[in-house]
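# Reading the structure
The residues making up each chain are set out below.
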Amino acid sequence: MWTLMGRGWSQGRALAALRAAGTAQRGRLEPLPTPTRGAPAEFRAWDRLYTSAERKEKIDMSRFSVENIRNFSIIAHVDHGKSTLADRLLELTGTIDKTKKNKQVLDKLQVERERGITVKAQTASLFYNWEGKQYLLNLIDTPGHVDFSYEVSRSLSACQGVLLVVDANEGIQAQTVANFFLAFEAQLSVIPVINKIDLKNADPERVEKQIEKVFDIPSDECIKISAKLGTNVERVLQAVIERIPPPKVHRKNPLRALVFDSTFDQYRGVIANVALFDGVVSKGDKIVSAHTKKIHEVNEVGVLNPNEQPAHKLYAGQVGYLIAGMKDVTEAQIGDTLYLHKQQVEPLPGFKSAKPMVFAGMYPIDQSEYNNLKSAIEKLTINDSSVTVHRDSSLALGAGWRLGFLGLLHMEVFNQRLEQEYNASVILTTPTVPYKAVLSSAKLIKEYREKEITIINPAQFPEKSKVTEYLEPVVLGTIITPDEYTAKVMMLCQARRAVQKNMIFIDQNRVMLKYLFPLNEIVVDFYDSLKSLSSGYARDKAHSVGKAICERLKDSLPRQLFEIAIQAAVGSKIIARETVKAYRKNVLAKCYGGDITRKMKLLKRQAEGKKKLRKVGNIEVPRDAFIKVLKTQSDK
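All residue numbers refer to positions counted from 1 along the written sequence of the respective chain. Reporting in this predicted model follows two pLDDT cut-offs: at least 70 for local features of residues, and 80 or more for side-chain atom pairs to be given and counted; totals over whole chains, interfaces and linings ignore these cut-offs and use all residues. Side-chain measures were taken over the full set of non-hydrogen atoms in the model, leaving aside hydrogen atoms and water.

Attention shifts here to the pattern of salt bridges. Any Lys or Arg side-chain nitrogen located within 4 Å of an Asp or Glu carboxyl oxygen qualifies as a salt bridge. If you walk through the whole model with that rule in mind, you get 20 salt bridges. The closest approach of N and O atoms between Arg206 and Asp203, which form a salt bridge, is 3.6 Å. In this structure, Glu208 engages Lys224 in a salt bridge whose closest nitrogen and oxygen atoms are separated by 3.4 Å. Of this pair, Glu208 sits in helix α8 (residues 204–215) while Lys224 is found in strand β6 (residues 223–224), placing the two residues 16 residues apart along the sequence. A cluster of three or more residues bridged by salt bridges with shared partners is formed by Lys120, Glu151, Arg154 and Asp261. Where helices and strands are cited, they refer to DSSP runs of H or I of at least four residues and of E of at least two residues respectively, numbered from the N terminus.

This is the structure in structure tokens:
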């Protein structure tokens with residue numbers, strides 16, 4: 001490849017040409033028969049990677065009949081051992097070598113390894129021999145935190161069953177309940193797995209009774225394992241084959257493939273994770289997107305094992321990846337149906353749109369980085385379709401976006417991924433929740449073309465005189481707590497304006513409480529307060545929040561020759577105020593004794609000058625002041 005470009009080229013020019021060629025014709029370039037002398041290190045490394053990918057043997061997926069396919073997910077509360085169980089399943093099936101370094105193998109993102117949590121559902125195809133038959137087990141490892149429940153619901157659409165993992169020490173927790181009902185509503189087979197039986201305080205019998213009482217699953221269906229030690233894990237694989245049904249699909253029908261996830265590669269474009277419900281797809285096929293109606297030619301199909309493994313074809317009932325030269329981020333809609341050109345089919349139901357619960361403004365630190373940040377956000381939202389994006393602008397921060405997230409952790413992870421994966425530095429404003437307002441002003445109703453409007457930006461909040469009523473979002477929250485903390489937890493919930501809906505003793509020591517919460521009361525610090533069980537919060541926080549912001553702005557603004565008043569207002573009512581004192585010249589310095597009237601005259605003249613200056617003076621608020629106010633958390 002180096003010799004084709006000519007040794008007279010500069011290294012930079014040759015590399016640029018190679019990248020352009022690789023982007024346009026990746027998969028069509030012929031690998032070099034021998035290493036090329038004189039090529040720079042970047043060429044040799046790229047050529048080795050390229051030739052190894054080309055020479056990788058393609059898998060024949062036709063050997064797996066529909067009856068021998070099982071598609072399943074692992075669901076659980078945070079830190080109950082999903083990823084550890086996935087590691088053991090990969091080892092048992094020979095997908096990865098058994099070593100001590102196998103920790104969170106499917107957690108591929110840097111943010112996942114740093115935080116020790118799963119934030120992206122990951123797929124792996126496992127080949128398993130049992131009772132003389134070879135089975136294809138398509139595993140999807142899902143997140144456990146409530147902020148990423150949209151990842152779970154999408155993953156379940158490609159499955160016929162789930163492994164519900166419960167910690168033998170902690171027992172059933174809030175997200176265990178939420179994830180179970182996601183699987184139950186999708187009518188999937190549920191296999192309860194009690195993990196961490198090796199722990200000193202493990203009580204699997206107690207957890208069995210909890211599962212039977214809360215989920216109505218007989219205790220004899222529970223599988224007790226230690227994913228860390230590998231104890232009884234093989235029984236899980238056998239249960240997957242015995243208890244989860246094969247997919248109901250038709251390979252002779254025209255192609256219908258559901259895009260349930262996707263990532264973006266700068267050379268190959270969009271890599272779509274697909275579940276085939278009907279038909280067959282192979283390299284060279286022309287496929288159509290039901291959403292955009294655009295035609296694409298398939299460049300590569302394969303399975304994740306757990307890394308990309310090309311295949312000759314993918315068949316109905318199987319889960320894999322598909323690359324079809326989609327370069328534009330709008331061409332890869334999660335929930336889209338792909339079908340063969342000139343063989344139109346009824347699109348699959350797809351997914352319900354995610355409902356963002358937390359909104360924040362995002363702006364580039366320097367406006368010259370606007371286009372780069374725009375591109376980074378577009379590419380990242382391909383991989384995280386639950387984020388909503390609206391263009392926004394601020395007089396102080398310039399052009400930016402108003403982003404909607406499923407929760408505070410979701411917002412933090414998205415920001416961290418922008419920094420780590422795209423080297424983007426941003427200003428992220430204080431998170432808020434959406435509100436609705438029922439308008440009373442005919443002029444506003446005509447302007448908005450509806451009587452009830454949704455407000456996601458505080459700057460657009462209408463005045464009280466023009467509104468009949470305000471509506472705030474509420475959520476049904478589930479809290480599972482030891483019974484000795486019940487009274488304190490109930491006091492905390494009441495302080496957050498919550499309404500109790502239910503209270504159940506799930507065993508002798510644990511209580512499950514259900515409350516209807518105003519979202520604004522729990523979005524920022526409720527979890528921390530719950531952990532510490534403090535209960536002294538006042539209901540009306542507008543004054544304290546306004547005062548804290550005024551104080552931070554006072555410390556950030558440079559002093560002027562005149563006094564500056566900083567006020568926080570709710571509508572037309574001022575609720576907090578701070579003052580930046582003016583610089584003051586000592587006009588009495590030249591007076592050595594003398595009559596008092598002379599001094600009073602000088603002071604009066606100075607006061608009149610400052611008064612006049614305050615009327616005509618302009619204050620330019622530095623960008624750094626806004627950044628400091630938005631980034632600093634108030635002391636609690």
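The discussion continues.
The predictor reports its confidence for every residue as pLDDT, a score running from 0 up to 100. Per-residue pLDDT for the chain has a mean of 80; in total, 83% of the residues score no lower than 70. Overall, residues 1–55 carries pLDDT values under 50, and its contacts beyond four positions in sequence, including any with other chains, amount to 52 contacts. Two residues form a contact once any of their heavy atoms are found within 4.5 Å.

What follows covers the nonpolar core. Only buried residues count toward a nonpolar core. Its members are Ala, Val, Leu, Ile, Met, Phe, Trp, Tyr and Cys residues joined through side-chain atoms within 4.5 Å. Any residue under 20% of the maximum accessible area for its type is buried, any over 50% is exposed, and the rest in between are partly exposed; the area is computed with a 1.4 Å probe on protein chains only. One finds Leu85, Leu89, Leu137 and Leu163 to be the most contacted residues of the largest nonpolar core, which totals 31 residues. Looking at this core, the elements that each hand over two or more residues are β1 (69–76), α4 (82–92), β2 (122–130), β3 (133–141), β4 (161–167), β5 (189–195) and α9 (233–243). When residues in this core are grouped by element, the largest group, 6 residues, is from α9. If we ignore the near neighbours within four places in the chain, the residues touching Leu85 are Ile74, Leu163, Val165, Ile225, Ala227 and Val233. With 28 residues, the next largest nonpolar core counts Met61, Tyr315, Leu338 and Ile382 among its residues.

This brings us to the pairing of strand β10 (residues 286–289). Paired strands, as defined in this entry, are two strands with at least two bridges between them according to DSSP. Sheet topology places β10 next to strand β11 (residues 295–297); 3 bridges connect them, and they run antiparallel. Each bridged residue has a counterpart across the sheet, and for Lys286 the counterpart in β11 is Glu297. Following β10, the chain reverses through 5 residues before pairing antiparallel with β11; Lys293 in that reversal takes a positive phi of roughly 65 degrees. The pairing of β10 with strand β16 (residues 337–340) spans 3 bridges and is classified as antiparallel.

Let us look at unusual backbone geometry. Here the amide bond leading from Asn305 into Pro306 is cis, since omega sits at -10 degrees, within 30 degrees of zero. Its location among the elements puts Pro306 in the loop between β12 (300–304) and β13 (308–311). Unusually for a residue other than glycine, Asp216 sits at a positive phi of about 60 degrees. Secondary-structure assignment places Asp216 in the loop between α8 and β6. Here the phi dihedral of Asn423 falls at roughly 55 degrees; this positive angle occurs in a residue that is not glycine.

Within the open sheet, the 8 strands sit side by side as β11-β10-β16-β7-β8-β15-β12-β13. Their pairing is antiparallel. Across the chains shown, the open sheet's two edge strands, defined by having one partner strand only, are β11 and β13. The average undirected angle you get between the axes of adjacent strands in this sheet is 40 degrees. Both strand β8 (residues 269–278) and strand β15 (residues 319–323) contribute to a ladder of 5 bridges, which runs antiparallel. Orientation is described by axes fitted as lines to C-alpha atoms, over the contacting stretch for helices, and by angles from 0 to 180 degrees between their N-to-C directions.

By definition, no residue in a patch forms a salt bridge, and every one has over 30% relative accessible area; like charges are joined within 9 Å, nonpolar side chains (Val, Leu, Ile, Met, Phe, Trp, Tyr) within 5 Å. Using the Shrake-Rupley algorithm and a 1.4 Å probe, accessible areas are obtained, with residue cover drawn only from the displayed protein chains. Counted as positive: Lys and Arg. Counted as negative: Asp and Glu. His and the chain ends are not counted at all. Note on charges: their place is set at NZ of Lys, CZ of Arg, CG of Asp or CD of Glu. A cluster of acidic side chains, namely Glu212, Asp216, Asp220 and Glu221, defines a negative patch on the protein surface. Its relative accessible area of 66% is what places Asp216 among the exposed residues.

Strand order in this open sheet of 4 strands is β18-β19-β17-β20, and the pairing throughout is antiparallel. Each edge of the open sheet carries a strand with a single partner, namely β18 (388–394) and β20 (426–428). Pairs of neighbouring strands in the sheet enclose a mean axial angle of 30 degrees, with direction left out of account. In this sheet, β20 lies alongside strand β17 (residues 358–364) in antiparallel orientation, the contact comprising 3 bridges. Residue Pro364 lies in a different strand from β20, and its bridge partner there is Val426. Its contacts with the sheet put helix α10 (residues 370–383) on β17, β18, β19 (398–405) and β20, and the angle it makes with β19 is roughly 15 degrees.

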